[in-house]
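Close look at the chain arrangement
This is what each chain is made of:
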Amino acid sequence: MAEHKIRVAVAGASGYTGGEVIRLLLDHPNVELAFLSAERSAGTPVGAVHPWLRNHPGAAGLKFRPLAELDEVDVAFGCLPTGTLPARLPLLAERAKRVLNLAGDFRLRDPEEIRTHYPKTAAQPAPEEFAYYVPELSGAVPEGRFINLPGCMAVATIYALYPLFADSLVLPGVVVDAKTGSTGGGRGGTEQPAERSGNFRVHKLHGHRHTPEIRQALTELTGAAPELRFSTHSLDVPRGIMVTAYTQLRPETSALDVKRAFAKAYVGKPFVRVRPAPKAPQDFPMLKAVVGSNVAEVAIAVKGDQCVAVTALDNLIKGAAGQAIQAMNLVSGFEETAGLPRTAVSP
Ligand SMILES: NC(=O)c1ccc[n+]([C@@H]2O[C@H](COP(=O)([O-])OP(=O)(O)OC[C@H]3O[C@@H](n4cnc5c(N)ncnc54)[C@H](OP(=O)(O)O)[C@@H]3O)[C@@H](O)[C@H]2O)c1
């Protein structure tokens, strides 16, 4: 495994995902944090914007700078609001050897879907194609310079459904109910805390842009063509996503087939943990077992021909900063687990 250090930039480092990338990389053995960009917070010390980072000696003296001042780096993490990167990509492409984008800009391939969900990307396509990379499932690491990571609710759904479609165990029709915490909307979110607090409500029942992403990813990864119904709800927690996917088993498929498919898909994958034989509620994936970690917990429950799959993960880590660092580790030849937490923060 590589021992050297690489120079890393974070574009959009004053936001929630950018702050999480900084927090994790401050203790990464192979990384020098070379450049941190912000828009409104440019010129501000990191610890003033992210107080949870101010006591790390590595954060002392670090300030946010305008993106235009970007130095030459090995890797740039794109933590910008969706639609912001396309116009800034020529700059990043010139000064970064590799770009890992957390935003949705370059995830979809269908031009019609891009126009619908990412109009700014449609107007300014990337100079080179972005690889869509799910670290556990995409196989060989991408060779190109540009990598787009999956969306947080999308990747949670992909973990729940991949083994079922990869082994052709379920019928195409699938219903997914996703619930997400408030940081999913970013630091610039306009929702009043009082409206979220003590509440549980619908976010989007139709037309969420993670729907075509999940369909595309499952089709590319498994060859199946899922008929997906995907709805999202807003949880009154700062972090965490729970996804429940309802499927129907094909005739002659047993609970053992399902169990084997999940074991095969995730054996040797340090950050996707299949819960063995869950029975009691606390045996199933839950936010308090994953929040603060880069782990996605997955479980399945089969009754007759009904199969329900559940995933829980931390949207800011396994759904964003952590999975991007995992991708950086893999493409850079570092230990896959370097700098990434496996235990949750609880109670
Ligand atoms: N939040 C999640 O759970 C999550 C999960 C997966 C993927 N993502 C994706 O990751 C991206 C970042 O999300 P986030 O939650 O970290 O967002 P955020 O908290 O709103 O942070 C956005 C960052 O971008 C900067 N910025 C805003 N407008 C800019 C502009 N025009 N030019 C340059 N920089 C600009 C902001 O700087 P100032 O604040 O200083 O202006 C801030 O640093 C989004 O595309 C999101 O879809 C988010």
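Residues numbered from 1 in each chain as written. Predicted model: local features only at pLDDT ≥ 70, side-chain atom pairs only at ≥ 80, totals over all residues. Heavy atoms only, no water.

**Overview of the site of the ligand**
If you check the shell around the ligand, you find 28 residues, and the closest are S14, T17, L80, R187 and N315. Between the ligand and E39 there is a distance of 3.1 Å, counted from a nitrogen atom to a side-chain nitrogen or oxygen. Within the backbone of S41, an N or O atom sits 2.9 Å from an oxygen atom of the ligand. Considered on its own, the ligand offers 910 Å² of accessible surface; in the complex 86% of this is hidden by protein. At the level of elements, α1 (16-25) and α11 (317-332) are the ones that each hand at least two residues to the shell around the ligand. Partitioning the shell around the ligand into residue classes produces 11 nonpolar, 13 polar and 4 charged. (Near = heavy atom within 4 Å. Polar contact = N/O pair within 3.5 Å; in protein donor to acceptor, adjacent residues only side chain to side chain. Areas by Shrake-Rupley, 256 points an atom, 1.4 Å probe, with all protein chains shown as cover. Helix = DSSP H or I, 4+ residues; strand = E, 2+ residues; numbered from the N terminus. Nonpolar A, V, L, I, M, F, W, Y, C, P; charged D, E, K, R; others polar.)

**Remarks on the packing of helix α6 (residues 152-166) against helix α9 (residues 255-266)**
Contact pair α6 / α9: the axes reach a minimum separation of 8 Å and the direction vectors enclose 115 degrees. Of the two elements, α6 crosses α9, and the hand of that crossing is right-handed. Counting all contacts with α6, which are made through I158, Y159, A160, Y162, P163 and L164, the residues of α9 involved are V258, A261, F262, A265 and Y266. Tallied by class, residues from the contact of α6 with α9 come to 11 nonpolar, no polar and no charged. (Axes fitted to C-alpha atoms, helices over the stretch in contact; angles between N-to-C directions. Left-handed = near helix turned anticlockwise from the far one by under 90°. Contact = heavy atoms within 4.5 Å.)

**Notes on the domain arrangement of the chain**
The assigned domain composition of the chain is domain 1 (6-150 + 318-332) and domain 2 (153-315). Both faces combined, the contact of domain 1 with domain 2 buries some 2,400 Å², and carbon together with sulfur accounts for 54% of it. Per-residue buried area on domain 1 facing domain 2 is highest for Y16, L137 and K318; these three make up 31% of the total on that side. In this assembly, domain 1 and domain 2 are joined by 4 salt bridges. Across the pair R239 and E20 runs a salt bridge whose closest N-O atoms are separated by 3.2 Å. One can count 17 residue pairs in polar contact (both at pLDDT 80 or more) joining domain 1 with domain 2. At 6 residues, the largest contribution of residues to the side of domain 1 that touches domain 2 is made by α11. (Domains from an automatic or database assignment. Buried area = accessible area lost by both parts, 1.4 Å probe. Salt bridge = Lys/Arg side-chain N within 4 Å of Asp/Glu carboxyl O.)

**Quick notes on the nonpolar core**
With 42 residues, the main nonpolar core has Y159, L161, L164, V176, V258, F262 and Y266 as its most contacted residues. At the level of secondary structure, the elements contributing two or more residues to this core comprise α6, β7 (170-180), α8 (210-222), β9 (227-234), β10 (241-249), α9, β12 (296-303) and β13 (306-313). Here the element with the most residues in this core is α6; it accounts for 12 residues. Each of domain 1 (6-150 + 318-332) and domain 2 (153-315) contributes no fewer than three residues to this core. With residues near it in sequence (within four places) discarded, L161 still touches V174, V176, L218, A245 and T247. Counting 39 residues, the second-largest nonpolar core is a separate cluster that includes A13, L24, V75 and A327. (Core = buried A, V, L, I, M, F, W, Y, C linked by side-chain atoms within 4.5 Å. Buried < 20%, exposed > 50% of the residue type's maximum accessible area, 1.4 Å probe, protein only.)

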